[in-house]
Amino acid sequence: RIVAITAAMAGGTGLSIFQERHPGRYHDVGIAEEHAALFASGLAARGCKPFLTIYSTFMQRAYDMIIHDIALQNLNVCLCMDRAGLSGDDGPTHHGLFDIGFLRHVPNLVFMQPKDEEEFADMLWTMANYHAGPIAIRYPRGAGAGAVPKEHPQILEIGQCEVLRHGRRVLLLGLGNMVAMAEETAGLLAARGIEAAVINARWIKPLDRQTLEFFARGAEVVCTFEDHVLANGYGSAVIEALSEARITTPVVRIGWPDEFIEHGTVALLRAKHGVTAETAAQKILAELAGRTAAPDAALSVR
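A few points on the structure.

Definitions and cut-offs
Residues numbered from 1 in each chain as written. Predicted model: local features only at pLDDT ≥ 70, side-chain atom pairs only at ≥ 80, totals over all residues. Heavy atoms only, no water. Phe/Tyr/Trp six-rings, centres within 6.5 Å; stacked < 30°, edge-to-face > 60°. Buried < 20%, exposed > 50% of the residue type's maximum accessible area, 1.4 Å probe, protein only. Helix = DSSP H or I, 4+ residues; strand = E, 2+ residues; numbered from the N terminus. Contact = heavy atoms within 4.5 Å. Axes fitted to C-alpha atoms, helices over the stretch in contact; angles between N-to-C directions. Parallel < 35°, antiparallel > 145°, perpendicular 65-115°, else oblique. Nonpolar A, V, L, I, M, F, W, Y, C, P; charged D, E, K, R; others polar. Polar contact = N/O pair within 3.5 Å; in protein donor to acceptor, adjacent residues only side chain to side chain. Pairing = 2+ DSSP bridges. Core = buried A, V, L, I, M, F, W, Y, C linked by side-chain atoms within 4.5 Å. Salt bridge = Lys/Arg side-chain N within 4 Å of Asp/Glu carboxyl O.

1. As for the packing of aromatic side chains
Next, step 1: This model, assessed by the stated rule, comprises 5 aromatic pairs.
Next, step 2: Their ring planes at 25 degrees and their centres at 6.1 Å tell us that Tyr 55 and Phe 58 sit as a pair that is stacked.
Next, step 3: For Tyr 55, a relative accessible area of 11% puts it in the buried group.

2. A look at the side chain of Arg 202
Next, step 1: Mapped onto the elements of the fold, Arg 202 is located in the loop between strand S9 (196-200) and strand S10 (203-205).
Next, step 2: Of the residues examined, Arg 202 reaches a relative accessible area of 13% and is grouped as buried.
Next, step 3: Those residues in contact with Arg 202 that sit more than four places away from it in its chain are Phe 111, Met 112, Gln 113, Glu 119, Met 123, Leu 156, Gln 160, Cys 161, Glu 162 and Leu 175.

3. A short note on the packing of helix H3 (residues 33-45) against helix H5 (residues 63-71)
Next, step 1: Two elements in contact, H3 and H5, have axes whose closest approach is 9 Å; the angle formed by their N-to-C orientations is 10 degrees. The pairing of H3 with H5 is recorded here as roughly parallel in orientation. Here H3 contributes Glu 34, Ala 37, Leu 38 and Ser 41 to the contact with H5, which in turn contributes Met 65, Asp 69 and Ile 70.
Next, step 2: Of the residues contributing to the contact of H3 with H5, the split by class is 4 nonpolar, 1 polar and 2 charged.

4. Notes on the side chain of Thr 6
Next, step 1: Within the secondary structure layout, Thr 6 lies in strand S1 (residues 2-6).
Next, step 2: The class for Thr 6 is buried, based on a relative accessible area of 0%.

5. Points about the environment of His 68
Next, step 1: Among the structural elements, His 68 can be located in helix H5.
Next, step 2: Exposure remark for His 68: the relative accessible area of 43% places this residue in the partly exposed category.
Next, step 3: Along the chain, His 68 and Thr 126 lie 58 residues apart, while their C-alpha atoms are 24 Å from each other.
Next, step 4: A distance of 2.8 Å separates polar atoms of two side chains, one belonging to His 68 and the other to Asp 64.

6. Here's the deal with the sheet that holds strand S5 (residues 110-112)
Next, step 1: Read from one edge of the open sheet, 7 strands run S2-S1-S3-S4-S6-S5-S10, paired in mixed fashion. Single-partner strands in this sheet number two, and they are strand S2 (26-28) and S10. The sheet shows a mean angle of 20 degrees between the axes of neighbouring strands, direction not considered.
Next, step 2: As paired strands, S1 and strand S3 (residues 49-55) are joined by 4 bridges and run parallel to one another. When the sheet's bridge partners are listed, Ile 2 is paired in S3 with Lys 49.
Next, step 3: Contacts from H3 reach S1, S2 and S3 within the one sheet, and its direction differs from that of S3 by about 165 degrees.

7. Some thoughts on the nonpolar core
Next, step 1: Leu 52, Leu 79 and Leu 171 are the most contacted members of the largest nonpolar core, which has 51 residues in total.
Next, step 2: Discounting chain neighbours no more than four positions away, the residues touching Leu 171 are Ala 197, Ile 199, Leu 212, Phe 215, Ala 216, Ala 219, Val 221, Val 222 and Cys 223.
Next, step 3: The next biggest cluster of nonpolar side chains, apart from the first, holds 29 residues, and it includes Leu 97, Ala 186, Val 229 and Val 275.

8. Concerning the pattern of salt bridges
Next, step 1: Scanning the entire structure with this criterion turns up 16 salt bridges.
Next, step 2: Notably, a salt bridge pairs Arg 209 with Glu 244, separated by 3.0 Å at the nearest N-O pair. Linking Arg 209 in helix H9 (residues 209-218) with Glu 244 in helix H10 (residues 234-244), this pair joins segments that are 35 residues apart in sequence.
Next, step 3: Judged by its relative accessible area of 36%, Arg 209 is partly exposed.

As structure tokens, this is what we get:
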């Protein structure tokens, strides 16, 4: 039942491999993302299982169809958003920094992001075996962490995050490829005698509220990491969830500012805009010290 649809992005998304093996179930509609999404909804309504594979920055062109033709009808369409997060040398037109903001509030939608290649394969397999409605995944451009996928991928429990490290004073929530930065931040804090829990969030929607509330209630500071703008992003979802649970633990957010990010390498732009483990550690230490971190705070974390 699986069919693959893209909008003139076969090579960039890797669907050219699928095209070679399953030419009768591969569809490239050209630069017409709106049509691609509507086409996917029609196929899903007739019993197919479409994987709609489009760069994050261009999926926003199909926003109307995602809401009215896919989610409202609760159709089992798989949204695969390549180049989610900073897209480095592709520049501001290709940075996929807005998809969490325009999808996390859509009813019926499940939304996730993997931390590495192994989890990516598990999430694709989970999507292939999920039949309750629309489901979405975001993933970055470029090389991953180097994790080798299992011979037989695993179906993940929807809405269940992964606890990577236990700690009581600080809670670090890493989303997708930002889990590595959360772990690096935990190392910087550990060097100063501060223990931190590290969680691989996995799920943007639904949030793992039980795990989040358990760790946040006992922590002095919560810090979220996302490859997305801070406005209406994953960190915002965490703040909302804690507020609803009447948990007052302060939340520090690491992500991109409310502006269009320029052209440049990922490392250079992260350093320029403070999307780094060092910045996270500085902000967390400032919160622990009971004061607000200034933008140019020279607080050593070495």
